[in-house]
Amino acid sequence: MRILIVDDDQRLREVMKKGLCEESYAVDTAPDGEEGMHYADTGVYDLIVLDIMMPKMDGIELLKYLRSKGMTTPILMLTAKDAVEDVVKGLDSGADDYLVKPFAFSELLARVRALTRRKSSTKSTVLKAGKLTLNTISHEVRVG
């Protein structure tokens with residue numbers, strides 16, 4: 001599972017990346033909305049964790065941009081903005097979940113599992129290319 005973290009707090013990005021990598025996730029990070037947009041446009045992610053208050057492009061702008069392009073990747077807003085209006089704005093802009101800072105890492109992990117579980121339930125666990133078949137669960141490869 002690949003996760004993109006877009007947050008201007010370098011220390012938080014590093015802590016989240018380390019913790020998620022320890023849970024066997026592949027993690028890319030971006031320090032601002034513009035770089036996050038580049039990663040999202042050029043990579044394939046199973047989840048995007050997105051801060052709201054960032055330089056160059058805020059998280060709501062990036063969220064709206066990604067959804068306007070038809071991106072269905074689950075997006076978790078992770079922000080210090082805790083007013084009800086902010087939560088509603090984030091969810092109404094296309095976020096799948098909203099977590100307020102500070103947070104317990106165990107709660108972040110639970111939300112990551114829940115969001116990736118929803119998306120993965122619609123995917124096939126078997127990839128096919130011609131006579132080649134790969135089962136992503138059992139890691140079996142078959143030809144013919």
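Before any of the text, the structure's been laid out above.
These remarks concern the structure in this document. Starting from 1, residues in each chain are numbered consecutively following that chain's sequence as written. Restriction of local features to residues with pLDDT of at least 70 applies here, the model being predicted, together with a cutoff of 80 or more for giving and counting side-chain atom pairs; totals for whole chains, interfaces and linings are based on all residues. Water and hydrogen atoms play no part in the side-chain values, which are based on all heavy atoms of the structure.

1. Topic: unusual backbone geometry
- Of note, the bond from Lys-101 into Pro-102 is cis; its omega dihedral lies within 30 degrees of zero at -10°.
- Within the chain, Ser-24 stands out as a residue other than glycine whose phi angle is a positive 75°.
- Only DSSP runs of H or I covering at least 4 residues are called helices, and only runs of E covering at least 2 are called strands; the numbering of each starts at the N terminus. Relative to the elements of secondary structure, Ser-24 occurs in the loop between α1 (10-22) and β2 (26-30).
- Working definition: with a 1.4 Å probe on protein chains only, accessible area under 20% of the residue-type maximum means buried, over 50% means exposed, and in between means partly exposed. Residue Ser-24 is classed as exposed on the basis of its relative accessible area, which comes to 64%.
- Of note in the backbone geometry, Lys-56 takes a positive phi value of approximately 70° without being a glycine.
- Note on placement: Lys-56 falls in the loop between β3 (47-50) and α3 (59-68).

2. Considerations on the environment of Asp-86
- Along the chain, Asp-86 turns up in helix α4 (residues 84-92).
- Expressed as a C-alpha distance, the spacing of Asp-86 and Glu-23, which sit 63 residues apart in the sequence, is 30 Å.
- Residue contacts are counted whenever heavy atoms from the two residues lie within 4.5 Å of one another. Ignoring any residue separated from it by four or fewer positions in sequence, one finds Asp-86 in contact with Lys-81 and Tyr-98.

3. Describing the pairing of strand β1 (residues 2-6)
- With respect to burial, β1 is a largely interior element, four of its five residues being buried.
- Looking at chain direction, β1 and β2 are connected through five bridges and run parallel. Bridge pairing in β2 places Val-6 opposite Ala-30.
- Handedness of a crossover: with both strands directed away from the viewer, a clockwise path from the first strand across the helix to the second marks it as right-handed. After leaving β1, the chain enters α1 and then returns to the sheet as β2, a path that is right-handed.
- Note: β1 against β3, four bridges, orientation parallel. Strands pair, by our definition, only if DSSP identifies at least two bridges between them.

4. Digging into the environment of Ala-26
- Tracing the chain through its elements places Ala-26 in strand β2.
- Along the chain, Ala-26 and Tyr-45 lie 19 residues apart, while their C-alpha atoms are 9.4 Å from each other.

5. A short note on helix α2 (residues 33-42)
- Those residues of α2 lying buried are Gly-33, Gly-36 and Ala-40. One side of α2 carries all its buried residues, which in axial view fall inside an arc of 55°.
- Those residues of α2 hidden inside the fold are in contact with β1, β2, β3 and α3.
- Taking the backbone nitrogen of Glu-34 as reference, a side-chain oxygen 3.0 Å away marks Asp-32 as the first, capping residue of α2. By construction, the arc corresponds to the directions joining the helix axis to the C-beta atoms. For this analysis, a polar contact is any N or O atom pair within 3.5 Å, provided that within protein one partner can donate a hydrogen and the other can accept it, and provided that sequence-adjacent residues contribute only side-chain to side-chain pairs.

6. Observations concerning the pattern of salt bridges
- Whenever a carboxyl oxygen of Asp or Glu lies within 4 Å of a side-chain nitrogen of Lys or Arg, that contact is scored as a salt bridge. Counting across every chain of the model gives eleven salt bridges.
- Residues Lys-81 and Asp-86 are paired through a salt bridge, measuring 3.9 Å at the closest nitrogen-oxygen approach.
- Taking relative accessible area as the criterion, Lys-81 reaches 28% and is therefore assigned partly exposed.
- Linking Asp-97 and Arg-111 is a salt bridge whose minimum nitrogen-to-oxygen distance equals 2.7 Å. On the criterion of sequence distance, the pair formed by Asp-97 in strand β5 (residues 97-100) and Arg-111 in helix α5 (residues 105-120) is long-range, its members being 14 residues apart.
- For Asp-97, a relative accessible area of 17% gives the class buried.

7. A few points about the nonpolar core
- The criterion is simple. A nonpolar core is a set of buried Ala, Val, Leu, Ile, Met, Phe, Trp, Tyr and Cys residues joined through side-chain atoms within 4.5 Å. One finds Val-6, Ile-48, Leu-50, Ile-75 and Met-77 to be the most contacted residues of the largest nonpolar core, which totals 18 residues.
- Those elements that place two or more of their residues in this core are β1, β3, α3 and β4 (75-79).
- What Val-6 contacts, discounting residues up to four positions off in sequence, is Ala-30, Asp-32, Gly-33, Gly-36, Val-49, Leu-50, Asp-51, Met-54 and Leu-62.
- Leu-12, Tyr-25, Leu-78 and Leu-99 belong to the second largest nonpolar core, which has 16 residues in total.

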